[in-house]
Every structure is written in C-alpha cells, then in structure tokens.
Amino acid sequence: MILDLGPVLRGECKHLPVDYQLTLPPMEGVEFVEDLHVTGAVDDQGGYRTLSLQADVPYVAACARCLAPVRGMLKIDFRRAIAPESSMTQEQLEENFDEYVVTENGKLDVDRALSEEVLLSVPYRVLCSPDCRGLCPRCGKRLDSGLCHCPTEAEIDPRLAVLAQLLEDDPDEETPAT
Ligand SMILES: [Zn+2]
Ligand SMILES: [Zn+2]
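Residues numbered from 1 in each chain as written. Chains lettered and ligands numbered in written order. Predicted model: local features only at pLDDT ≥ 70, side-chain atom pairs only at ≥ 80, totals over all residues. Heavy atoms only, no water.

Caption draft 1: Looking closely at the overall build of the chain. Within the chain, the secondary structure is distributed over four helices and eight strands. When its helices and strands are written in sequence order, the chain yields β-α-β-β-β-β-β-α-β-β-α-α. Split into buried and exposed, the 178 residues of the chain put 34% on the buried side. Summarising the internal contacts of the chain: among those between residues at least 6 apart in sequence, 49% fall at separations of at least 24. Accessible surface computed for the chain: about 12100 Å², of which carbon and sulfur atoms make up 52%. (Helix = DSSP H or I, 4+ residues; strand = E, 2+ residues; numbered from the N terminus. Buried < 20%, exposed > 50% of the residue type's maximum accessible area, 1.4 Å probe, protein only. Contact = heavy atoms within 4.5 Å. Areas by Shrake-Rupley, 256 points an atom, 1.4 Å probe, with all protein chains shown as cover.)

Caption draft 2: Structural view of the coordination of the zinc ion (ligand 2). Taken together, C136 (SG), C139 (SG), C148 (SG) and C150 (SG) make up the protein donors of the zinc ion (ligand 2), found 2.3 Å from the metal. Angles of 105 to 112° at the metal separate the four donor atoms of the zinc ion (ligand 2), which places the site in the tetrahedral class. Read from N- to C-terminus, the donor residues coordinating the zinc ion (ligand 2) fall into the pattern C-x2-C-x8-C-x1-C. Taken together, the residues C136 in the loop between α3 (110-121) and α4 (158-169) and C148 in the loop between α3 and α4 connect sequence positions twelve residues apart. Each of the two residues, C136 as well as C148, counts as buried. (Donors = N, O, S within 2.8 Å, 3.2 Å for Na, K, Ca; no water. Tetrahedral: all angles 85-135°; square planar, octahedral: opposite > 155°, others 65-115°.)

Caption draft 3: Fine view of the pairing of strand β4 (residues 36-45). Strand direction decides the pairing type here: strand β2 (residues 15-22) and β4, joined by eight bridges, are antiparallel. Across the sheet, residue L22 finds its bridge partner in β4, namely L36. In terms of strand pairing, β4 meets strand β5 (residues 48-62) through seven bridges, oriented antiparallel. From the neighbouring strand, D44 faces β5, where its bridge partner is R49. As consecutive antiparallel partners, β4 and β5 are separated by two residues, and within that stretch G46 has a phi angle of approximately 60°, a positive value. (Pairing = 2+ DSSP bridges.)

Caption draft 4: Looking closely at the coordination of the zinc ion (ligand 1). Note on the zinc ion (ligand 1): its protein donors are C63 (SG), C66 (SG), C128 (SG) and C132 (SG). The metal-donor distances range over 2.3 Å. For the zinc ion (ligand 1), the four donor atoms in the first shell make angles of 105 to 114° at the metal, a pattern classed as tetrahedral. In primary sequence terms, the donor set of the zinc ion (ligand 1) follows C-x2-C-x61-C-x3-C. With C63 in the loop between β5 and β6 (69-83) and C128 in the loop between α3 and α4, the pair connects residues that are 65 residues apart, well separated along the chain.

Caption draft 5: Broad picture of α3. Over its twelve residues, α3 extends 16 Å from the first C-alpha to the last, a length consistent with the 16 Å expected when each residue adds 1.5 Å. Taken residue by residue, α3 has V110, A113, L114, S115, E117 and V118 as its buried positions. With a side-chain oxygen lying 3.4 Å from the backbone nitrogen of D111, the N-terminal cap of α3 falls on D109. (Expected span 1.5 Å × (residues − 1). Polar contact = N/O pair within 3.5 Å; in protein donor to acceptor, adjacent residues only side chain to side chain.)

Caption draft 6: Representation of the side chain of E117 within the structure. If you trace the backbone, E117 turns up in helix α3. What E117 contacts, discounting residues up to four positions off in sequence, is I76, F78 and R80.

Caption draft 7: Fine view of the environment of A64. Structurally, the position occupied by A64 is in the loop between β5 and β6. A64 sits 63 residues away from L127 along the chain, and the two C-alpha atoms are 5.7 Å apart. For A64, the contacting residues outside a window of four places in its chain are R125, V126 and L127.

Caption draft 8: Spatial organisation of the nonpolar core. Core analysis: the largest hydrophobic core is formed by 38 residues, its most contacted members being L3 and L51. Mapped by element, the contributors of at least two residues to this core are β2, β3 (30-32), β4, β5, β6 and α3. In terms of residues, this core owes the most to one element, β5, which gives six residues. With residues near it in sequence (within four places) discarded, L3 still touches L16, V18, V42, L51, G106, K107, L108 and V110. (Core = buried A, V, L, I, M, F, W, Y, C linked by side-chain atoms within 4.5 Å.)

Next up, the structure:
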C-alpha cells in the first residue's frame, strides 16, 4: 500500500490509521502461508511524524539439517520516524535505515518498508528441533523419523573405508558398473 501523507503533511490530520492486508513477495528459503493483517498508524506530534506498524507473520521454512518444514511466527513491530525526502542524503539514510522511513512526493511505500523488515527479521537458519539429527549422509533418510539400515562409520571395515576413499579421490578412476 502507498500511504498518501498529504493530510498529515498539511497539518489537517494528526492520526492516520493503517489497516490492510499485505501479500508478501516470495523470499528465498521461506514461504508465507497467508496474507498479513497489518495495523498501525501515522502520527504527528508537533511536526514529529512517526509510522508504526504491527503484523504477525506466519511462515514455513525448511529445517537447516533435515529439510523438514518448520512453522514459525514472526512478530513485526515496526516503528520509524518519517523523514521528508529532501531532508537527508542517501548516505545518511543508509546509515539510519532502522530509524527512518522517507516520503516520496508526500507518499510512503508501506509495503516496501514492511517487506524489508520481514526480510531482515526472518530467521536465517531454523531447526525442526534443537537436537535434530539431520539426514543420513548415505541414503538421505530423515534420522528423526527412525534409523535407516546404512552402516555407521564405525561398522565399516577400515580396509574397505580406505579403498572407498582412494576411489573417491581419484577422478580418473571409473566406478565399475554393477
Ligand atoms: Zn530437522
Ligand atoms: Zn541411511
């Protein structure tokens, strides 16, 4: 949503409520299962203008170890001072991106501000459980759902392990077809 701040900038209005549904753009590694209900307001206190937005963001991400889907909830509480576009240099804005949002022709791109906030807040790495055992490196089975029948490292005959290592190390060695 693009918020028109005209009434606030002209001093006709001190409180502009925000209440809408936002569909987040897709982000790498995270799926957003439903639209966000965004609430908040633009407030003007003697010329000091702020934007505050709140939203609960349910998401699904893959466990970093076993790739199982993990559901999570991100609570967004976004508060920024509103700066007119002419008041700050690009450099100042980049340094203070977590304090200010900037108007463009008297308007605020709320969707962009919120999407950036979600992108910065979404956990980079999620686990289905703190002690997730991940996937079997041999067959790819998810170990938390039951052990597979692959031999563990300790069970492999050390002489065979050496041989396997040699075969892996030599790129010219063709593995005989079985
Ligand atoms: Zn896992
Ligand atoms: Zn296995």
